[in-house]
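For reference, the chains in residue letters:
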Amino acid sequence: MRNLEFGWFLPTAGDTTAYGLASAQVAPSLPLFDRVVAAAEAAGFEYMLVPVQTACWEAWISSALMVGRSKSIRMLVAARPSYINPVLLAKMIATFDQLSGGRICINLIAGQSEQENASEGIRWGKEERYEIMDEEVSILKALWTTRGPVTFEGKFHQLKGAQIRPYPLQQPHPRFYLGGGSRQAWEISARHSDVHLFWGDTYDRIRANMAEIRGMAARHGREKDIGFGMRLQVVCRPTEAEAWEFAHELVAHASESQKAFVKERFAASEANRRVRELAAQGEVIERNLWTGITQVRPGAGIAVVGTPEQCADTLQDFIDLGCHSFCLSGYLHDEEAERFGKWVMPILRERNRERMLAA
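All figures in this text were calculated on a predicted structure; none of them were measured in a lab.

A. Local environment of the overall build of the protein. When helices and strands are tallied, the protein shows 12 helices and 15 strands. Relative to a compact globule of 359 residues, whose C-alpha radius of gyration would be 21 Å, the protein shows 20 Å and is just as compact. Counting all 359 residues of the protein, 57% fall into the buried class. Long-range contacts, defined as pairs at least 24 residues apart, comprise 75% of the intrachain contacts of the protein with a sequence gap of at least 6. Total accessible area on the protein is roughly 14,600 Å²; 53% of this is exposed by carbon and sulfur atoms. Across the protein, the mean location of the 41 positive side-chain charges is 5 Å away from that of the 44 negative side-chain charges.

B. Structural view of the packing of aromatic side chains. Within the structure shown, the criterion is met by 13 aromatic pairs. With a centroid separation of 5.4 Å and an interplanar angle of 80°, the aromatic rings of F33 and W57 are classed as edge-to-face. Of the two residues, F33 is situated in helix α1 (residues 30-43) and W57 in the loop between β4 (47-49) and α2 (59-68); the sequence distance between them amounts to 24 residues. Judged by its relative accessible area of 3%, F33 falls in the buried class. Taking the centre distance of 5.4 Å and the plane angle of 50° together, the rings of Y47 and Y177 count as tilted. Linking Y47 in strand β4 with Y177 in strand β9 (residues 176-178), this pair joins segments that are 130 residues apart in sequence. For Y47, a relative accessible area of 0% translates into the label buried. A relative accessible area of 0% places Y177 in the buried class. Connected via pairs of aromatic rings, a cluster forms that spans F6, W8, F45, F326 and F340. Over the ring of Y167 we find R147; its NZ or CZ atom is 3.6 Å from the centre of that ring. For R297, the ring lying beneath its charged end belongs to F9, and the centroid distance is 5.4 Å.

C. Structural detail: the environment of I132. Tracing the backbone shows I132 in helix α5 (residues 126-145). A C-alpha to C-alpha distance of 9.1 Å links I132 and A110, two positions 22 residues apart in sequence.

D. Unusual backbone geometry, seen in detail. The omega torsion of the bond from Q171 to P172 falls at 0°, within 30 degrees of zero and hence cis. Along the chain, P172 falls in the loop between β8 (158-162) and β9. Following Y331, the chain continues into L332 via a peptide bond in cis, with omega recorded as -20°. Of note in this structure, N288 is not a glycine but carries a positive phi near 65°. For N288, the location among the structural elements is in the loop between β12 (284-286) and β13 (289-290).

Criteria and cut-off values
- Residues numbered from 1 in each chain as written.
- Predicted model: local features only at pLDDT ≥ 70, side-chain atom pairs only at ≥ 80, totals over all residues.
- Heavy atoms only, no water.
- Helix = DSSP H or I, 4+ residues; strand = E, 2+ residues; numbered from the N terminus.
- Rg over C-alpha atoms; globule rule 2.2 N^0.38 Å.
- Buried < 20%, exposed > 50% of the residue type's maximum accessible area, 1.4 Å probe, protein only.
- Contact = heavy atoms within 4.5 Å.
- Areas by Shrake-Rupley, 256 points an atom, 1.4 Å probe, with all protein chains shown as cover.
- Lys, Arg positive; Asp, Glu negative; His and termini not counted.
- Charge placed at Lys NZ, Arg CZ, Asp CG, Glu CD.
- Phe/Tyr/Trp six-rings, centres within 6.5 Å; stacked < 30°, edge-to-face > 60°.
- Lys NZ or Arg CZ within 6 Å of the ring centre and 35° of its normal.

Following this line, the structure appears as C-alpha coordinates:
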(Lines give C-alpha, C1' and ligand atoms only; values in the text may rest on other atoms or scores of the structure.)
Protein backbone atom coordinates (compact mmCIF):
# COMPACT_ATOMS: atom_id res chain seq x y z
CA MET A 1 0.00 0.00 0.00
CA ARG A 2 1.42 3.36 -1.06
CA ASN A 3 1.67 6.35 1.24
CA LEU A 4 -1.11 8.88 0.75
CA GLU A 5 -0.17 12.21 -0.79
CA PHE A 6 -2.14 15.41 -1.26
CA GLY A 7 -1.65 18.11 -3.87
CA TRP A 8 -3.22 21.55 -4.29
CA PHE A 9 -3.79 23.86 -7.26
CA LEU A 10 -2.08 27.14 -8.14
CA PRO A 11 -4.70 29.40 -9.84
CA THR A 12 -2.44 31.18 -12.33
CA ALA A 13 -5.47 32.42 -14.31
CA GLY A 14 -6.88 34.05 -11.18
CA ASP A 15 -9.34 33.04 -8.48
CA THR A 16 -13.03 33.57 -7.76
CA THR A 17 -15.92 32.97 -5.40
CA ALA A 18 -18.51 33.25 -8.18
CA TYR A 19 -17.94 32.48 -11.84
CA GLY A 20 -19.37 35.22 -14.08
CA LEU A 21 -19.56 37.84 -11.33
CA ALA A 22 -16.97 40.58 -11.91
CA SER A 23 -16.82 41.71 -8.29
CA ALA A 24 -15.92 38.15 -7.18
CA GLN A 25 -12.86 37.81 -9.38
CA VAL A 26 -9.29 37.86 -8.03
CA ALA A 27 -6.69 38.66 -10.68
CA PRO A 28 -3.54 36.53 -10.99
CA SER A 29 -0.57 38.10 -9.23
CA LEU A 30 2.51 37.25 -7.23
CA PRO A 31 0.74 38.06 -3.92
CA LEU A 32 -2.08 35.65 -4.85
CA PHE A 33 0.38 32.90 -5.72
CA ASP A 34 2.30 33.52 -2.48
CA ARG A 35 -0.88 33.23 -0.42
CA VAL A 36 -1.97 30.00 -2.08
CA VAL A 37 1.42 28.28 -1.93
CA ALA A 38 1.95 29.31 1.71
CA ALA A 39 -1.52 28.08 2.68
CA ALA A 40 -1.05 24.77 0.86
CA GLU A 41 2.35 24.19 2.42
CA ALA A 42 1.06 25.02 5.91
CA ALA A 43 -1.91 22.67 5.40
CA GLY A 44 0.37 19.73 4.67
CA PHE A 45 0.02 19.44 0.90
CA GLU A 46 3.02 17.78 -0.75
CA TYR A 47 2.70 19.10 -4.30
CA MET A 48 1.20 21.98 -6.28
CA LEU A 49 -0.48 21.50 -9.67
CA VAL A 50 0.43 24.36 -12.04
CA PRO A 51 -2.00 24.71 -15.00
CA VAL A 52 -1.12 25.45 -18.63
CA GLN A 53 -4.17 26.68 -20.56
CA THR A 54 -4.06 29.88 -22.63
CA ALA A 55 -5.58 31.96 -19.81
CA CYS A 56 -2.90 30.82 -17.34
CA TRP A 57 0.42 32.44 -16.64
CA GLU A 58 3.42 30.50 -17.92
CA ALA A 59 3.85 27.37 -15.83
CA TRP A 60 7.63 26.81 -15.82
CA ILE A 61 8.46 30.38 -14.84
CA SER A 62 5.71 30.42 -12.21
CA SER A 63 6.86 27.08 -10.79
CA ALA A 64 10.51 28.06 -10.58
CA LEU A 65 9.66 31.32 -8.83
CA MET A 66 7.31 29.69 -6.34
CA VAL A 67 9.80 26.96 -5.44
CA GLY A 68 12.25 29.71 -4.58
CA ARG A 69 9.63 31.45 -2.41
CA SER A 70 8.50 28.34 -0.49
CA LYS A 71 10.08 25.70 1.72
CA SER A 72 9.07 22.17 0.82
CA ILE A 73 6.19 21.84 -1.64
CA ARG A 74 6.88 20.19 -5.02
CA MET A 75 5.64 21.61 -8.32
CA LEU A 76 3.65 19.40 -10.70
CA VAL A 77 4.43 21.02 -14.05
CA ALA A 78 3.13 20.05 -17.48
CA ALA A 79 5.20 18.49 -20.24
CA ARG A 80 3.14 18.95 -23.40
CA PRO A 81 4.01 17.09 -26.61
CA SER A 82 5.90 19.14 -29.24
CA TYR A 83 5.95 22.35 -27.17
CA ILE A 84 9.58 21.99 -26.05
CA ASN A 85 12.42 20.07 -27.71
CA PRO A 86 12.73 16.90 -25.56
CA VAL A 87 16.50 17.27 -25.04
CA LEU A 88 16.03 20.83 -23.78
CA LEU A 89 13.06 19.68 -21.69
CA ALA A 90 15.15 16.90 -20.10
CA LYS A 91 17.82 19.46 -19.24
CA MET A 92 15.27 21.95 -17.87
CA ILE A 93 13.65 19.36 -15.61
CA ALA A 94 16.97 17.94 -14.39
CA THR A 95 18.27 21.44 -13.64
CA PHE A 96 15.04 22.32 -11.81
CA ASP A 97 15.33 19.06 -9.87
CA GLN A 98 18.90 19.72 -8.78
CA LEU A 99 18.44 23.40 -7.91
CA SER A 100 15.20 22.80 -5.99
CA GLY A 101 16.41 19.77 -4.04
CA GLY A 102 14.07 17.36 -5.81
CA ARG A 103 10.92 19.49 -5.76
CA ILE A 104 9.53 18.75 -9.20
CA CYS A 105 7.21 16.17 -10.76
CA ILE A 106 5.88 16.03 -14.32
CA ASN A 107 2.28 16.26 -15.51
CA LEU A 108 1.75 14.68 -18.94
CA ILE A 109 -0.87 16.67 -20.87
CA ALA A 110 -1.77 16.12 -24.53
CA GLY A 111 -4.18 19.09 -24.52
CA GLN A 112 -7.92 19.30 -23.89
CA SER A 113 -8.80 21.75 -26.68
CA GLU A 114 -8.09 21.32 -30.39
CA GLN A 115 -8.74 25.04 -30.95
CA GLU A 116 -6.26 26.00 -28.26
CA ASN A 117 -3.58 23.72 -29.67
CA ALA A 118 -4.11 25.12 -33.16
CA SER A 119 -4.02 28.71 -31.86
CA GLU A 120 -0.59 28.02 -30.35
CA GLY A 121 0.89 26.50 -33.50
CA ILE A 122 0.56 22.82 -32.58
CA ARG A 123 -0.41 21.19 -35.85
CA TRP A 124 -0.72 17.61 -34.64
CA GLY A 125 -4.09 15.99 -33.92
CA LYS A 126 -4.92 14.27 -30.65
CA GLU A 127 -3.77 10.77 -31.65
CA GLU A 128 -0.49 12.08 -32.99
CA ARG A 129 0.08 14.15 -29.86
CA TYR A 130 -0.12 11.00 -27.75
CA GLU A 131 2.37 9.31 -30.08
CA ILE A 132 4.68 12.30 -29.69
CA MET A 133 4.21 12.19 -25.92
CA ASP A 134 5.22 8.53 -25.86
CA GLU A 135 8.41 9.33 -27.80
CA GLU A 136 9.24 12.37 -25.68
CA VAL A 137 8.80 10.60 -22.35
CA SER A 138 10.94 7.73 -23.66
CA ILE A 139 13.61 10.27 -24.60
CA LEU A 140 13.43 11.99 -21.20
CA LYS A 141 13.86 8.70 -19.36
CA ALA A 142 16.72 7.65 -21.61
CA LEU A 143 18.59 10.93 -21.19
CA TRP A 144 18.12 10.85 -17.41
CA THR A 145 19.21 7.25 -16.89
CA THR A 146 21.90 6.71 -19.54
CA ARG A 147 25.45 7.67 -18.60
CA GLY A 148 26.61 8.32 -22.13
CA PRO A 149 25.29 9.39 -25.54
CA VAL A 150 21.67 8.58 -26.42
CA THR A 151 20.55 7.75 -29.94
CA PHE A 152 16.83 7.63 -30.69
CA GLU A 153 15.01 6.85 -33.94
CA GLY A 154 11.32 7.62 -33.75
CA LYS A 155 8.53 8.77 -36.02
CA PHE A 156 8.71 12.34 -34.73
CA HIS A 157 12.12 12.64 -33.07
CA GLN A 158 15.60 11.51 -34.07
CA LEU A 159 18.63 11.96 -31.83
CA LYS A 160 22.26 11.08 -32.53
CA GLY A 161 24.51 10.98 -29.50
CA ALA A 162 22.47 13.33 -27.30
CA GLN A 163 23.68 14.02 -23.75
CA ILE A 164 22.59 16.34 -20.95
CA ARG A 165 23.97 17.83 -17.78
CA PRO A 166 23.00 17.72 -15.00
CA TYR A 167 21.29 14.42 -14.33
CA PRO A 168 18.23 14.53 -12.05
CA LEU A 169 18.60 14.52 -8.29
CA GLN A 170 15.58 12.21 -7.84
CA GLN A 171 16.35 8.63 -8.78
CA PRO A 172 15.84 7.21 -11.23
CA HIS A 173 14.05 10.44 -12.26
CA PRO A 174 11.15 12.72 -11.23
CA ARG A 175 7.72 11.11 -11.12
CA PHE A 176 5.20 11.29 -13.96
CA TYR A 177 1.49 12.01 -13.48
CA LEU A 178 -1.21 11.81 -16.15
CA GLY A 179 -4.93 12.58 -16.11
CA GLY A 180 -6.88 11.49 -19.17
CA GLY A 181 -9.96 9.51 -20.12
CA SER A 182 -9.10 8.14 -23.57
CA ARG A 183 -7.63 4.74 -24.36
CA GLN A 184 -4.50 6.44 -25.65
CA ALA A 185 -4.11 8.33 -22.39
CA TRP A 186 -4.49 5.10 -20.46
CA GLU A 187 -1.85 3.43 -22.61
CA ILE A 188 0.64 6.24 -21.94
CA SER A 189 -0.06 5.90 -18.22
CA ALA A 190 0.36 2.14 -18.44
CA ARG A 191 3.76 2.59 -20.10
CA HIS A 192 5.11 5.63 -18.27
CA SER A 193 3.09 7.11 -15.39
CA ASP A 194 3.74 6.76 -11.69
CA VAL A 195 0.25 8.13 -10.96
CA HIS A 196 -2.85 8.11 -13.15
CA LEU A 197 -5.21 10.83 -11.92
CA PHE A 198 -8.93 10.30 -12.50
CA TRP A 199 -11.37 13.16 -12.55
CA GLY A 200 -14.41 12.64 -10.36
CA ASP A 201 -16.65 9.73 -11.27
CA THR A 202 -18.80 7.04 -9.69
CA TYR A 203 -17.06 4.54 -7.46
CA ASP A 204 -17.99 1.65 -9.75
CA ARG A 205 -16.52 3.45 -12.75
CA ILE A 206 -13.28 4.32 -10.94
CA ARG A 207 -12.92 0.74 -9.71
CA ALA A 208 -13.38 -0.65 -13.23
CA ASN A 209 -11.02 1.88 -14.81
CA MET A 210 -8.31 1.14 -12.25
CA ALA A 211 -8.52 -2.57 -12.98
CA GLU A 212 -8.31 -1.98 -16.73
CA ILE A 213 -5.33 0.39 -16.56
CA ARG A 214 -3.54 -1.92 -14.14
CA GLY A 215 -4.04 -4.74 -16.62
CA MET A 216 -2.62 -2.58 -19.41
CA ALA A 217 0.38 -1.72 -17.23
CA ALA A 218 0.95 -5.43 -16.54
CA ARG A 219 1.61 -5.96 -20.25
CA HIS A 220 4.57 -3.61 -19.87
CA GLY A 221 5.74 -5.24 -16.64
CA ARG A 222 4.52 -2.21 -14.65
CA GLU A 223 1.50 -3.57 -12.77
CA LYS A 224 3.10 -2.72 -9.42
CA ASP A 225 4.65 0.54 -10.63
CA ILE A 226 1.52 2.50 -11.47
CA GLY A 227 -0.53 4.20 -8.78
CA PHE A 228 -3.88 5.98 -8.90
CA GLY A 229 -5.32 9.24 -7.67
CA MET A 230 -8.22 11.67 -7.93
CA ARG A 231 -8.34 15.23 -9.26
CA LEU A 232 -11.23 16.89 -7.41
CA GLN A 233 -12.63 20.22 -6.25
CA VAL A 234 -13.48 20.73 -2.57
CA VAL A 235 -16.14 22.86 -0.89
CA CYS A 236 -15.82 22.28 2.85
CA ARG A 237 -17.81 24.31 5.39
CA PRO A 238 -18.83 23.86 9.06
CA THR A 239 -22.34 22.77 8.07
CA GLU A 240 -23.67 20.95 5.01
CA ALA A 241 -26.12 23.78 4.34
CA GLU A 242 -23.29 26.33 4.22
CA ALA A 243 -21.28 24.10 1.87
CA TRP A 244 -24.15 23.69 -0.61
CA GLU A 245 -25.02 27.38 -0.42
CA PHE A 246 -21.48 28.34 -1.42
CA ALA A 247 -21.33 25.64 -4.11
CA HIS A 248 -24.50 26.87 -5.79
CA GLU A 249 -23.45 30.52 -5.52
CA LEU A 250 -20.15 29.63 -7.21
CA VAL A 251 -21.93 28.85 -10.50
CA ALA A 252 -25.15 30.89 -10.15
CA HIS A 253 -23.90 33.96 -12.06
CA ALA A 254 -22.30 32.18 -15.04
CA SER A 255 -23.74 33.26 -18.37
CA GLU A 256 -25.08 30.86 -20.98
CA SER A 257 -22.30 31.96 -23.34
CA GLN A 258 -19.68 31.05 -20.73
CA LYS A 259 -21.24 27.62 -20.29
CA ALA A 260 -21.43 27.13 -24.05
CA PHE A 261 -17.76 28.08 -24.43
CA VAL A 262 -16.68 25.42 -21.91
CA LYS A 263 -18.87 22.82 -23.59
CA GLU A 264 -17.77 23.53 -27.17
CA ARG A 265 -14.12 24.48 -26.69
CA PHE A 266 -13.23 21.20 -24.99
CA ALA A 267 -15.57 18.87 -26.88
CA ALA A 268 -12.78 16.65 -28.26
CA SER A 269 -11.51 15.65 -24.81
CA GLU A 270 -12.73 12.24 -23.68
CA ALA A 271 -12.36 13.20 -20.02
CA ASN A 272 -14.39 16.37 -20.55
CA ARG A 273 -17.01 14.38 -22.43
CA ARG A 274 -17.31 12.06 -19.44
CA VAL A 275 -17.83 14.85 -16.90
CA ARG A 276 -20.53 16.38 -19.11
CA GLU A 277 -22.17 12.96 -19.29
CA LEU A 278 -22.10 12.75 -15.50
CA ALA A 279 -23.56 16.26 -15.16
CA ALA A 280 -26.40 15.29 -17.49
CA GLN A 281 -27.24 12.40 -15.16
CA GLY A 282 -27.79 14.68 -12.19
CA GLU A 283 -26.33 17.22 -9.79
CA VAL A 284 -24.98 14.57 -7.39
CA ILE A 285 -23.33 11.37 -8.70
CA GLU A 286 -22.39 9.90 -5.31
CA ARG A 287 -22.96 11.07 -1.76
CA ASN A 288 -21.47 14.61 -1.56
CA LEU A 289 -20.00 14.45 -5.10
CA TRP A 290 -21.36 17.40 -7.10
CA THR A 291 -21.19 18.01 -10.87
CA GLY A 292 -22.03 21.73 -10.83
CA ILE A 293 -18.59 23.22 -11.53
CA THR A 294 -18.37 21.26 -14.81
CA GLN A 295 -20.78 23.86 -16.27
CA VAL A 296 -18.30 26.72 -15.90
CA ARG A 297 -14.85 25.17 -15.80
CA PRO A 298 -13.12 22.78 -18.19
CA GLY A 299 -11.28 19.83 -16.77
CA ALA A 300 -11.81 18.40 -13.33
CA GLY A 301 -15.08 20.00 -12.23
CA ILE A 302 -16.48 17.31 -9.93
CA ALA A 303 -16.50 18.63 -6.35
CA VAL A 304 -16.63 17.12 -2.88
CA VAL A 305 -19.20 19.23 -1.01
CA GLY A 306 -20.00 18.99 2.68
CA THR A 307 -18.82 19.20 6.27
CA PRO A 308 -15.27 18.22 7.26
CA GLU A 309 -16.49 14.75 8.22
CA GLN A 310 -18.42 14.33 4.96
CA CYS A 311 -15.46 15.49 2.86
CA ALA A 312 -13.19 13.08 4.71
CA ASP A 313 -15.70 10.25 4.25
CA THR A 314 -15.85 10.83 0.49
CA LEU A 315 -12.08 10.93 0.10
CA GLN A 316 -11.79 7.85 2.31
CA ASP A 317 -14.12 6.02 -0.08
CA PHE A 318 -11.63 6.70 -2.89
CA ILE A 319 -8.72 5.66 -0.64
CA ASP A 320 -10.49 2.39 0.08
CA LEU A 321 -10.90 1.85 -3.68
CA GLY A 322 -7.12 2.04 -4.06
CA CYS A 323 -6.38 5.72 -4.74
CA HIS A 324 -3.37 7.17 -2.93
CA SER A 325 -2.83 10.61 -4.55
CA PHE A 326 -5.35 13.45 -4.26
CA CYS A 327 -4.92 16.58 -6.36
CA LEU A 328 -7.44 19.05 -4.95
CA SER A 329 -8.58 22.65 -5.35
CA GLY A 330 -11.21 25.01 -3.99
CA TYR A 331 -12.37 28.61 -3.76
CA LEU A 332 -10.73 30.82 -2.77
CA HIS A 333 -7.68 28.62 -3.12
CA ASP A 334 -5.75 29.97 -0.16
CA GLU A 335 -8.80 29.91 2.14
CA GLU A 336 -9.99 26.45 1.07
CA ALA A 337 -6.48 25.02 1.50
CA GLU A 338 -6.43 26.42 5.03
CA ARG A 339 -9.85 24.93 5.81
CA PHE A 340 -8.85 21.55 4.42
CA GLY A 341 -5.64 21.53 6.45
CA LYS A 342 -7.41 22.42 9.69
CA TRP A 343 -10.60 20.38 9.31
CA VAL A 344 -10.21 17.48 6.88
CA MET A 345 -6.53 16.54 6.98
CA PRO A 346 -6.60 15.64 10.71
CA ILE A 347 -9.53 13.25 10.15
CA LEU A 348 -7.77 11.52 7.26
CA ARG A 349 -4.53 11.39 9.25
CA GLU A 350 -6.29 9.71 12.16
CA ARG A 351 -7.86 7.12 9.85
CA ASN A 352 -4.70 6.45 7.81
CA ARG A 353 -1.87 7.09 10.25
CA GLU A 354 0.63 4.66 8.74
CA ARG A 355 0.09 6.02 5.20
CA MET A 356 0.11 9.80 5.63
CA LEU A 357 3.21 11.64 4.45
CA ALA A 358 2.39 14.95 6.10
CA ALA A 359 3.35 15.36 9.75
